Amino acid sequence: MADFFNNFAMTIDGQSISSATTVDVINPANEDVVAKAPDCSREQLDQAVAAARKAFPKWRATPLEERRRLVAKMGEVIAQHADDFARLFTLEQGRPLKGARMEVDFSAFWCGAIAQQEIPVEVTEDSEQRRSETRHVPLGVVAGIVPWNFPFNLAIWKIAPALLTGNAIVLKPSPFTPLTMLKLGELMQEHLPAGVFNVISGGDQLGPWLSAHPGIDKISFTGSTPTGKRVMQTAAENLKPVTLELGGNDAAIVMPDVELDKVADKLFGASFANSGQLCVAIKRMYIHEDVYDQVADALVTRARAAKVGNGLEQGSNYGPIQNRPQFEKVKDLIRDARENGLNFLVGGDVPEGGKGYFVPLAIVDNPPEDSRVVQEEAFGPVLPLIKFSDIDDVIERANASDYGLAGSVWSADSQGAIDIAARLETGTVWVNETQYIMPWTPFAGHKLSGFGVENGREGLLEFTKPQTITVAK
Ligand code: NAD
């Protein structure tokens, strides 16, 4: 591979493959074309799936220790190229270099941690008559479909456990952010057996083609709820199992005894990290009326000090919105808030005419519960602060959402906070922090935020099916 930043190719059957047509990858900070990514044809998709099917029997028969070694190797390869990966990440995704590097480093760590996971074997009966044991065997060929907001780590969430458990994978990054995964595919060609790890890229048609492909045995999808529903419908055709990690509208509940000096930075960071383009960002902050003004002031001060800018420039803390359609959605939400007379404590104006999809950090002052800015997943740097006085009422409001991804409770009384956490209808709840997600912790969306689990023992097992062997004595 001559140049990390040019000549992007797919990896199919262990080979670098170009395509007849290409898809422009746009730098969201200046709207320049960063690179041209391959536009996978149907025939090339067939080749990728066929290569994975061919590689699967040998890969599943490869000793677990060797698969562990190769998953860990992927982490080492990522770490070796971390600087280049981070720069490429910023160019295509927009996030400032420091945050890009964190995601790359975290992905390297993630591979190492997944490589150590155990695939359990359970003895369900060991009597005088017989012995039954249940193993977990791979499914075959997994399709990994990922979004643009955390394009590296969310792909690793699929690649590492799929490979460890003995599956082959065809990975499809988002058309907006395919470059880092294309490079990873190429870098791993010399380490992994051909066909075990295929990376394909293309336009909007490729996701539906991949999820409908009869040669796929499982779809592991991360993205929006509407797309997740379509994936599940398509998968029903040949009863493919699916794991869906979807949207969220996470509520934070800030109690009157919150230790603001300890947690103000965390509350702010959790709301605006990645410019709000985070499935588990705080998207609605319910603040007890006794501390509303202090919390609001602390957040506004930090928002004023934050620098939104090109992620390759020194001092930029927050990058642009990743792509044009999402930029338009965020602007529309702000326009709606303005038209409905909502008060912005900071932000709320998006400069028109310049290059790049920049939205200044915005905080909305106590909007009505039914306003769009409260009800919808903004997926941008627009945070509504909402006053509450009664805990039962705020729990009801937090739960009155179709989403159930995650939530958080902020209080000096951790037992009281745990009691509140237990009443929230979400897959994950944090107390006095957010966004702590680890390879060993099951991550599952409730309600329309998902179906199935990623990470932890449960997440690993979603890449397998049980096989019970019973031996009569
Ligand atoms: P998206 O649903 O538009 O796209 C996600 C991926 O699906 C992309 O690779 C896309 O090309 C592909 N795709 C599109 N249509 C498809 C179809 N019909 N069949 C198969 N694949 C198809 O989502 P996005 O805009 O890229 O990402 C933002 C969304 O992702 C937000 O809602 C966010 O909350 C969610 N998200 C969830 C998690 C989580 O873990 N729960 C993590 C990150 C992002």
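Per an unreviewed UniProt entry, the protein carries the name Aldehyde dehydrogenase family protein and comes from Sphingobium cyanobacteriorum. On record in UniProt, under Sequence similarities (unreviewed entry), the comment for the protein is "Belongs to the aldehyde dehydrogenase family."

Remarks on the environment of Glu289
Note on placement: Glu289 falls in the loop between strand E13 (284-288) and helix H10 (292-305). On the basis of relative accessibility, which here comes to 46%, the residue Glu289 falls in the partly exposed class. On a C-alpha basis, the gap between Glu289 and Phe388 in space is 5.6 Å, while along the polypeptide they are 99 residues apart. Once residues within four sequence positions are removed from consideration, Glu289 is found in contact with Lys387, Phe388 and Ser389.

Digging into the domain arrangement of the protein
Interface size is commonly expressed as the accessible area that is lost once the parts come together. Under the domain assignment, the protein is made up of domain 1 (10-246 + 449-472) and domain 2 (251-438). For domain 1 and domain 2, the distance between their C-alpha centres works out to 30 Å. If you look at the interface, domain 1 gives 28 residues, while domain 2 gives 29 residues. Buried area between domain 1 and domain 2, both sides added, is near 2300 Å², and the carbon and sulfur share of it is 61%. The largest share of the area that domain 1 buries against domain 2 comes from Glu31, Trp148 and Ser449, three residues that together contribute 25% of it. Remark: the boundary between domain 1 and domain 2 carries one salt bridge. Among the salt bridges present, the one from Glu31 reaches Arg324, with a minimum N-O distance of 3.4 Å. Our count for the domain 1 to domain 2 interface comes out at ten residue pairs in polar contact (both at pLDDT 80 or more).

Observations concerning the sheet that holds strand E6 (residues 130-138)
Pairing is antiparallel across the open sheet formed by three strands, whose spatial order is E5-E6-E22. Two strands in the sheet have a free side with no partner beyond their single neighbour: strand E5 (122-126) and strand E22 (464-472). Averaged over all adjacent pairs, the angle separating strand axes in this sheet is 20°, with direction ignored. Note that E5 and E6 share four bridges and pair antiparallel. Along E6, the bridge assignment pairs Glu122 with Thr134.

Considering the pairing of strand E7 (residues 141-145)
Walk down a regular strand and you will see the side chains alternate between the two sheet faces. Counting buried positions along E7 gives five out of five residues, so the element sits mostly inside the fold. Sheet topology note: the E7/strand E8 (residues 168-172) ladder contains five bridges and is parallel. Each residue of the ladder has a partner; that of Ala143, found in E8, is Val170. Read from E7 through helix H5 (residues 153-164) to E8, the crossover connection turns out right-handed. Sheet topology places E7 next to strand E10 (residues 218-222); four bridges connect them, and they run parallel.

Analysis parameters
Residues numbered from 1 in each chain as written. Predicted model: local features only at pLDDT ≥ 70, side-chain atom pairs only at ≥ 80, totals over all residues. Heavy atoms only, no water. UniProt positions renumbered as here; feature names shortened; annotations may be inferred. Helix = DSSP H or I, 4+ residues; strand = E, 2+ residues; numbered from the N terminus. Buried < 20%, exposed > 50% of the residue type's maximum accessible area, 1.4 Å probe, protein only. Contact = heavy atoms within 4.5 Å. Domains from an automatic or database assignment. Buried area = accessible area lost by both parts, 1.4 Å probe. Salt bridge = Lys/Arg side-chain N within 4 Å of Asp/Glu carboxyl O. Polar contact = N/O pair within 3.5 Å; in protein donor to acceptor, adjacent residues only side chain to side chain. Pairing = 2+ DSSP bridges. Axes fitted to C-alpha atoms, helices over the stretch in contact; angles between N-to-C directions. Right-handed = clockwise from strand over helix to strand, strands pointing away.

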